[in-house]
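Close look at the chain arrangement
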Amino acid sequence: MLATENLACIRDNRTLFAKLELQLSPGEIVQLAGPNGAGKTSLLRILAGLAEPDMGRVLWQHQPILNQRQAYYRQLLYIGHQAGLKQRLTPLENLSFYQALQGGGGSDASLWLALEQVGLLGLEELPAGQLSAGQQRRVALARLWLSAAPLWILDEPLTAIDCDGVLALAALFGRHCRAGGMVLLTTHQPLPDCGVPVRKLDLSAMEAMACSG
Ligand SMILES: Nc1ncnc2c1ncn2[C@@H]1O[C@H](COP(=O)(O)OP(=O)(O)OP(=O)(O)O)[C@@H](O)[C@H]1O
């Protein structure tokens, strides 16, 4: 379980959120909502251990993530705005690299299947740097099909993805949660039916609560 205690984030003298008590349990999808600048990315980065909160702490399995960084990162797949690819490597090589980082164990067939799921067959030999922004994003998202991590934190995963791709992702989120995984994501576009209920958390409401004390 992922949880926060009394979490606060202040940017440029503005409280984005405070006293945030979030819980994400196995089998759950939480969609973080809020207008541009509400603090969604800031929160996801804190939850992923990439930024420090101004107050409070993040817990994984009831322990602060600061006390167990390596163990936490093994349980987490974070995909942010940037595709995070090695530009000179092909999509296949990028995914193979990711598979190795996870400790290996996967087959070449699973890499090809992941590329197929994100509609990149035929482009697997091009350096990632020569792919379009949407195609690079698809390579990043292909990691979801290879991931053994129970916790997925995804910042705008549907951006630049076409209708079929969005439907495939929603189906994957559902399967992941039914298998006991957890998904925390932001999206400005509607999330299609995942087959499991999606809980919404509105960060702009949090900011309003923080302002009213
Ligand atoms: N490192 C930083 N230093 C200073 N201000 C920052 C920093 N990161 C974010 N901010 C500010 O914090 C606010 C929230 O930004 P954030 O990216 O978390 O919002 P968001 O809800 O994800 O927005 P969007 O929907 O546009 O992606 C913005 O006003 C932004 O300018």
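This write-up is about the structure you can find in this document.

The rules behind each value
Residues numbered from 1 in each chain as written. Predicted model: local features only at pLDDT ≥ 70, side-chain atom pairs only at ≥ 80, totals over all residues. Heavy atoms only, no water. Near = heavy atom within 4 Å. Polar contact = N/O pair within 3.5 Å; in protein donor to acceptor, adjacent residues only side chain to side chain. Areas by Shrake-Rupley, 256 points an atom, 1.4 Å probe, with all protein chains shown as cover. Core = buried A, V, L, I, M, F, W, Y, C linked by side-chain atoms within 4.5 Å. Buried < 20%, exposed > 50% of the residue type's maximum accessible area, 1.4 Å probe, protein only. Helix = DSSP H or I, 4+ residues; strand = E, 2+ residues; numbered from the N terminus. Salt bridge = Lys/Arg side-chain N within 4 Å of Asp/Glu carboxyl O. Axes fitted to C-alpha atoms, helices over the stretch in contact; angles between N-to-C directions. Parallel < 35°, antiparallel > 145°, perpendicular 65-115°, else oblique. Left-handed = near helix turned anticlockwise from the far one by under 90°. Contact = heavy atoms within 4.5 Å. Nonpolar A, V, L, I, M, F, W, Y, C, P; charged D, E, K, R; others polar. Pairing = 2+ DSSP bridges.

Let's talk about the site of the ligand
Around the ligand sit 14 residues in total, of which N36, G37, K40, T41 and S42 are the nearest. The side chain of N36 places a nitrogen or oxygen atom 2.9 Å from an oxygen atom of the ligand. The separation between an oxygen atom of the ligand and a polar main-chain atom of G37 is 2.8 Å. Expressed as a share of its isolated accessible area of 640 Å², the protein-covered part of the ligand is 60%.

So, the nonpolar core
Within the largest apolar cluster, 38 residues are counted, with the highest numbers of intra-cluster contacts made by L95, L144, W152, L154, F173 and V183. At the level of secondary structure, the elements contributing two or more residues to this core comprise β7 (76-79), α3 (91-101), α4 (108-117), α5 (133-146), β8 (151-155), α6 (163-178) and β9 (182-186). At 7 residues, the largest contribution of residues to this core is made by α5.

Some details on the pattern of salt bridges
Evaluation of the coordinates by the stated rule reveals 4 salt bridges. Here R199 makes a salt bridge to E28, at a shortest N to O gap of 3.1 Å. Here R199, found in strand β10 (residues 198-202), pairs with E28, found in the loop between β3 (23-24) and β4 (29-33); they are 171 residues apart in sequence, far enough to count as distant. The partly exposed category is assigned to R199, whose relative accessible area is 34%. Here D162 and R138 are joined by a salt bridge, their closest N and O atoms 3.0 Å apart. Taken together, the residues span a long stretch of sequence, with D162 in the loop between β8 and α6 and R138 in helix α5 at a distance of 24 residues.

Brief notes about the packing of α5 against α6
Running from amino to carboxyl end, α5 crosses α6 at an angle of 25°, the nearest separation of the two axes being 11 Å. Taken as axis vectors, α5 and α6 run roughly parallel relative to one another. In this structure, α5 crosses over α6, and the sense of that crossing is left-handed. Together, R138, L141, L144 and W145 of α5 and G165, A168, L169, L172, F173 and R175 of α6 make up the contact between the two elements. Residue composition of the contact of α5 with α6, grouped by class: 7 nonpolar, 1 polar and 2 charged.

Regarding the sheet that holds β8
Pairing within the open sheet is parallel, and its 5 strands lie in the order β7-β8-β9-β4-β10. Across the chains shown, the open sheet's two edge strands, defined by having one partner strand only, are β7 and β10. Strand after strand, the sheet turns through a mean of 15° between neighbouring axes, direction not considered. Bridge count for β7 against β8 is 4 bridges, and the pairing is parallel. Residue L77 lies in a different strand from β8, and its bridge partner there is W152.

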